Amino acid sequence: MSRSPSQMAETLGGLGRLTELRQRLLFVLAALLVYRVGTFIPVPGVNPQALLQFMNSQQGTIIDVFNLFTGGALERFSLFALGVMPYISASIIMQLMSSAVPQLQQLKKEGSTGRQKITQYTRFFTVILAAFQAGSVAFALQSQGSVVFAPGFGFLFTAIVTLTAGTVFLMWLGEQITERGVGNGISLIIFAGIVAGLPRAIAGTLELVNTGQLSIPAMLLILALVLAVIYFIVRVERGQRLITVNYAQRQGRVAYQNQQTHLPLKINMSGVIPAIFASSLVIFPSTLATWFSSSDELSWLTDVAAAMSPGNLPYTLMYSGLIIFFCFFYTALVFNSKETADNLKKSGAFIPGIRPGRQTADYIDNVLTRLTMVGSLYLVAVCLLPDILRVVWAVPFYFGGTSVLIVVVVIMDFIAQVQAHLISHKYDSLMKKANLKSYGRSGVVRR
């Protein structure tokens, strides 16, 4: 069938825009490849065999968690051993200070100029945190006997400079992915680090099946549970509570016309931050016990660490409590009900049946409190599922709830960004083939 010149031009234009998207995706893949290569470049002066033995003794501690987020870079003490955790910590601290320090509050109100200034402060603070953490890790390693070939100032200086430079490079690389690629660069770097350990986990599970330690029906049950958890995470993360908002417009002197819209509130507004913070704090006692249990004065740390191990009641209660606390704390940090109510009032909007101003803020706050409670219970269920598999059903293989949560959320955000890019260029036919339209049925403005 012959095509008209206009149809041919439209097709060629679409191919040109598709080339732009392909280039962005290739840039993301290239950047993640650079990150993975960097995780295998070791810091000079470390004995790899002794370091591996030391890291094997740290299973279940906070070091093991950090090693998971860095894709194994910490156990190799590589250039990217600190990962992007210093940057994430600096960003969260700056968010806290932006809500408490008047000068930073004023910067937030200055628009893009103020945000650039806060971003610059965040980068400086990242360098300080990275240098401090690098020094702490290097000092701890050189005190472990044969892990470091030549302990002393030379090794400490080299490790601090190398690890700090690695973190700064990852921070820059994440910003480049966000600007020139698709998706959030920092999230994709963490995602790549977690997924890097997936082949080894799958190989370990298959080895359990081959040796008879795990039966095939049990493995299929675990696979079904993993898929069910992923589906559950997707459903909840996409869930929203829509608050009806009306905009009044005057027509002439008497008549009014209401335009109705919605204020969307997510069920889980805090994301994966509560799970990361809670998992880091709850295993801190076991880390202290591993380092200082040889001292007679601190032998009680061993008992505390045993009580705080996964599967025990104190661990479950503390872990759940920390997740719930950080859910409410971080949601209150990122969403201000009073500011939202003031913005609605200034724009002439109101919630039906609710007076503008203080009553609107109280209503939004009450809705948000109930949503946060549901979201926190959802995070608790997802994060405690591995312990249920291991303790109740005696399943030898379990997957980390926090890592699964991060992977699924990052993939959802990546798909949403690709979808937004396709919508902006009107790739309707391509979206039908890729079956991406179902992701945009709620909360996406269509043209």
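Residues numbered from 1 in each chain as written. Predicted model: local features only at pLDDT ≥ 70, side-chain atom pairs only at ≥ 80, totals over all residues. Heavy atoms only, no water.

Caption draft 1: How the structure looks around the overall build of the protein. Across its full length, the protein holds 18 helices and 3 strands. Counting only residues that meet the buried cut, the protein has 40% of its 447 residues in that class. Nonlocal contacts in the protein, meaning residues at least 24 apart in sequence, comprise 70% of its contacts between residues at least 6 apart. By element, 63% of the accessible surface of the protein is carried by carbon and sulfur atoms, the whole surface being about 24700 Å². (Helix = DSSP H or I, 4+ residues; strand = E, 2+ residues; numbered from the N terminus. Buried < 20%, exposed > 50% of the residue type's maximum accessible area, 1.4 Å probe, protein only. Contact = heavy atoms within 4.5 Å. Areas by Shrake-Rupley, 256 points an atom, 1.4 Å probe, with all protein chains shown as cover.)

Caption draft 2: Representation of the packing of helix α7 (residues 153-180) against helix α8 (residues 185-195). Following both chains from N to C, one finds α7 and α8 inclined at 115°, their axes separated by 7 Å at the closest point. As judged from the angle between their axes, α7 and α8 are roughly perpendicular. Contacts between α7 and α8 involve Leu170, Met171, Gly174, Ile177 and Thr178 from the former and Gly185, Ile186, Leu188 and Ile189 from the latter. Here the residues of the contact of α7 with α8 sort into 6 nonpolar, 3 polar and no charged. (Axes fitted to C-alpha atoms, helices over the stretch in contact; angles between N-to-C directions. Parallel < 35°, antiparallel > 145°, perpendicular 65-115°, else oblique. Nonpolar A, V, L, I, M, F, W, Y, C, P; charged D, E, K, R; others polar.)

Caption draft 3: How the structure looks around the nonpolar core. Of all hydrophobic cores here, the largest spans 58 residues; its most connected members are Phe69, Ile177, Ile233, Tyr319, Ile323 and Ile406. Among residues more than four places away in sequence, those in contact with tyrosine 319 are Ala275, Ala278, Ser279, Val282, Cys383, Leu384 and Thr402. Grouped together as the second largest cluster of nonpolar side chains are 21 residues, Val46, Ala134, Ala159 and Leu163 included. (Core = buried A, V, L, I, M, F, W, Y, C linked by side-chain atoms within 4.5 Å.)

Caption draft 4: Geometry of the confidence of the model for the protein. Model confidence for the protein is summarised by a mean pLDDT of 80, while 80% of its residues fall at 70 or above. Of all helices and strands in the protein, the one with the weakest mean pLDDT is helix α18 (residues 428-434) (51), whereas α7 scores best (93). Low confidence marks residues 7-16, where pLDDT is under 50. Its contacts with residues over four positions away, or in another chain, come to 3 contacts. This stretch, residues 436-447, has a pLDDT under 50; its non-local contacts, to residues over four places away or in other chains, come to 22 contacts. (pLDDT = per-residue confidence, 0-100.)

Caption draft 5: Region of interest: the side chain of glutamate 75. Inspection of the secondary structure assignment puts glutamate 75 in the loop between α3 (62-69) and α4 (85-100). Exposure remark for glutamate 75: the relative accessible area of 16% places this residue in the buried category. Excluding residues within four positions of it along the chain, glutamate 75 makes contact with Leu51, Met55, Asn67 and Arg200.

Caption draft 6: How the structure looks around empty space enclosed by the protein. The full count for this structure, using the stated rule, is 2 cavities of 30 Å³ or more. Each pocket or cavity is described by its volume, and for the largest cavity that value is around 50 Å³. Together, Lys266, Ile267, Asn268, Met269, Ser270, Cys327, Thr331, Leu368, Thr372, Gly375 and Ser376 line the largest cavity. For the lining of the largest cavity, the elements supplying multiple residues, two or more each, are α14 (313-334) and α16 (358-391). (1 Å grid on protein atoms, 1.4 Å probe; cavity = no way out; pocket = protein on both sides within 12 Å on 5 of 7 lines; lining within 4 Å. Points joined across faces, edges and corners; volume = space filled by probe spheres on them.)

Caption draft 7: Quick peek at the pattern of salt bridges. The final tally for this structure, using the stated rule, is 6 salt bridges. For arginine 358, the salt bridge identified is with aspartate 362, shortest N-O distance 3.5 Å. Pair noted here: arginine 358 and aspartate 362 are both in helix α16, with a separation of 4 residues, about one helical turn. Arginine 358 sits in the exposed class, given a relative accessible area of 65%. The partly exposed category is assigned to aspartate 362, whose relative accessible area is 36%. (Salt bridge = Lys/Arg side-chain N within 4 Å of Asp/Glu carboxyl O.)

Caption draft 8: Representation of unusual backbone geometry. Positive phi, close to 45°, is recorded for phenylalanine 77, a residue that is not glycine. Within the secondary structure, phenylalanine 77 sits in the loop between α3 and α4.

Caption draft 9: Just the packing of aromatic side chains, in detail. Within this structure, the stated rule accounts for 10 aromatic pairs. Where phenylalanine 153 meets phenylalanine 157, the ring centres are 6.1 Å apart and the plane angle is 25°; that geometry is what we call stacked. Of this pair, phenylalanine 153 and phenylalanine 157 both sit in helix α7, 4 residues apart, which is roughly one turn of the helix. For the pair phenylalanine 153 and phenylalanine 157, one class covers both residues: exposed. Measuring from ring centre to ring centre gives 5.5 Å for tyrosine 315 and tyrosine 319, while their planes differ by 40°; the resulting arrangement is tilted. Residue tyrosine 315 and its partner tyrosine 319 are located together in helix α14, separated by 4 residues, close to a single helical turn. Residue classification places tyrosine 319 among the buried positions, given a relative accessible area of 3%. (Phe/Tyr/Trp six-rings, centres within 6.5 Å; stacked < 30°, edge-to-face > 60°.)

Caption draft 10: Spotlight on the environment of tyrosine 121. Counting through the fold element by element, tyrosine 121 comes out in helix α6 (residues 112-142). Sequence-wise, tyrosine 121 and alanine 90 are 31 residues apart; in three dimensions their C-alpha atoms are separated by 9.1 Å.

Caption draft 11: Just helix α10 (residues 216-238), in detail. Over its 23 residues, α10 extends 33 Å from the first C-alpha to the last, a length consistent with the 33 Å expected when each residue adds 1.5 Å. The set of residues buried in α10 consists of Ile222, Val226, Val229, Ile233, Val234, Val236 and Glu237. (Expected span 1.5 Å × (residues − 1).)

Caption draft 12: Representation of the state of the cysteines. Evaluation of the coordinates by the stated rule reveals 0 disulfides. As a non-bridged cysteine, cysteine 383 has cysteine 327 as the owner of its nearest cysteine sulfur, 8.8 Å distant. With a relative accessible area of 4%, cysteine 383 lands in the buried category. (Disulfide = S-S within 2.5 Å.)

Caption draft 13: Quick peek at the environment of valine 34. Following the sequence through the fold, valine 34 ends up in helix α1 (residues 5-38). In this structure, the C-alpha to C-alpha distance between valine 34 and leucine 173, residues 139 residues apart in sequence, is 9.3 Å.

Caption draft 14: Quick look at the packing of helix α11 (residues 273-282) against α14. Interaxial distance between α11 and α14 falls to 8 Å at its minimum, and their mutual angle equals 140°. By the angle class used here, α11 and α14 are oblique. α14 is crossed by α11, and the crossing has right-handed handedness. Note on element contacts: α14 touches α11 through Tyr315, Met318, Tyr319, Leu322, Ile323, Phe326, Cys327 and Tyr330, opposite Ile273, Pro274, Ala275, Phe277, Ala278, Ser279, Leu281 and Val282. Its residues placed into classes, the contact of α11 with α14 shows 15 nonpolar, 1 polar and no charged. (Left-handed = near helix turned anticlockwise from the far one by under 90°.)

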